[in-house]
Amino acid sequence: MYRNARPLDLARWRYNLEDGATDDVLSALSAYQNPDGGFGHALEPDCWNPHSSPIQTWSATEVIHELRDIPADHPIIQGILRWMESGVDFDGRIWSGSVPTNNDYPHAPWWGYSASSEPAREPKAVDYNPTAALAGFGLRYARRGSNVWTKCEEIAKAAVNKLLADESMNDDHTSACYLRLLDDIETAGVEGIVLMEAFRGQITALVSNQVSTNTKAWISDYVCRPSRFANTPDSPYYPCIAELAKYECEFIEMTLPKEGVWDINWQWADYPAEWAISRNWWRGSQAVNNMLYLRNFGRLEL
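About the criteria used
Residues numbered from 1 in each chain as written. Predicted model: local features only at pLDDT ≥ 70, side-chain atom pairs only at ≥ 80, totals over all residues. Heavy atoms only, no water. Helix = DSSP H or I, 4+ residues; strand = E, 2+ residues; numbered from the N terminus. Rg over C-alpha atoms; globule rule 2.2 N^0.38 Å. Contact = heavy atoms within 4.5 Å. Areas by Shrake-Rupley, 256 points an atom, 1.4 Å probe, with all protein chains shown as cover. Lys, Arg positive; Asp, Glu negative; His and termini not counted. Charge placed at Lys NZ, Arg CZ, Asp CG, Glu CD. Axes fitted to C-alpha atoms, helices over the stretch in contact; angles between N-to-C directions. Left-handed = near helix turned anticlockwise from the far one by under 90°. Nonpolar A, V, L, I, M, F, W, Y, C, P; charged D, E, K, R; others polar. Salt bridge = Lys/Arg side-chain N within 4 Å of Asp/Glu carboxyl O. Buried < 20%, exposed > 50% of the residue type's maximum accessible area, 1.4 Å probe, protein only.

A word on the overall build of the chain
Each helix and strand in the chain was counted, giving 11 helices and zero strands. At 19 Å, the chain has a C-alpha radius of gyration in line with the 19 Å of a compact globule built from 302 residues. For the C-alpha atoms alone, the extent of the chain along its principal axes is close to 50 × 40 × 40 Å. By sequence separation, contacts in the chain at least 24 residues apart represent 65% of the contacts at least 6 residues apart. Summing over all exposed atoms, the chain offers an accessible surface of approximately 14600 Å²; the carbon and sulfur share of this is 48%. The distance from the centre of the 26 positive side-chain charges to the centre of the 41 negative ones in the chain is 2 Å.

Quick look at the packing of helix 7 (residues 172-188) against helix 8 (residues 196-210)
Packed helix pairs are specified by the crossing angle of their axes together with the interaxial distance, meaning the distance between the axes. One can describe the packing of helix 7 onto helix 8 by two numbers: an axis separation of 10 Å at closest approach and a directional angle of 145°. Of the two elements, helix 7 crosses helix 8, and the hand of that crossing is left-handed. The residues of helix 8 that touch helix 7, namely those facing Asp172, Ser175, Tyr178, Leu179, Leu181, Leu182, Ile185 and Glu186, are Met196, Phe199, Arg200, Ile203, Leu206, Val207 and Gln210. Class assignment of the residues belonging to the contact of helix 7 with helix 8 gives a composition of 10 nonpolar, two polar and three charged.

Considering the pattern of salt bridges
Applying the stated criterion to the full structure yields 15 salt bridges. A salt bridge links Asp9 to Arg12, with the nearest nitrogen and oxygen atoms 2.9 Å apart. Linking Asp9 with Arg12, this pair stays in helix 1 (residues 7-17), spanning three residues, or about one helical turn. Judged on exposure class, the residue Asp9 and its partner Arg12 are both buried. When the shortest N-O distance is used, the salt bridge between Arg279 and Asp263 registers 2.3 Å. With Arg279 in helix 11 (residues 272-296) and Asp263 in the loop between helix 10 (242-254) and helix 11, this pair connects stretches of sequence that are 16 residues apart. Sharing partners across several salt bridges, the network here consists of Arg6, Asp9, Arg12 and Glu66.

Rendered as structure tokens:
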């Protein structure tokens, strides 16, 4: 990690595993923030776009969630809220998953922009990745009743209504964004804005159905493992995937190479030189995530 990881992931490693400082993580994270408050510059390593975009700004919110007790008035958080309020890459319902300027820089195929990247017109086809998670962030950190908070409240209501009406939703990335929204609604103490009991029930069903039970496929295929939804036994979703979650500890341990860290089981179709760099960035990020999982399940002595 000290030789190969990005400063951000090394700071995360030290914060979580070596008594490192919160401010070191935030300082490293701030390097990716633009003057408009959004994030770019390959914070999400599969997209090298330096301009602010929803998916990279969402990536920043995930780092913030990993930290503890960051005040809402912190400049990084206020910058994100300012970007959210601006309306950039927002069509009135959702933030775009991909933006046109992605095509000007090295990127994974799934972040390329085309006509199909435009937000769907039919409500049933609207994808709330990463919008649901961004809305949760706004509800958690924005001043209640402010413009951005009200905007996020409306998004949350629409997102939850769609989820409850759409039994075909089966993308685990989108489900993870909904899970983040649920957690942020509870943390913010605004459960009354949506049908919480039904929302919790639907999230539990998604977790149960979307975690891959084919553990052999975990090695080579890009499939959903328990850690996407529950990275601690204290998670409310742990009971419904408990055996698979326990096994993931064994899986992480037995797939660690004798030298180095865990490799990545996906790749880009183009930009081979840049992919080699991004692959290494991902390996550092994944190393932190795997070690946190093992720690949370009592498999590490620190």
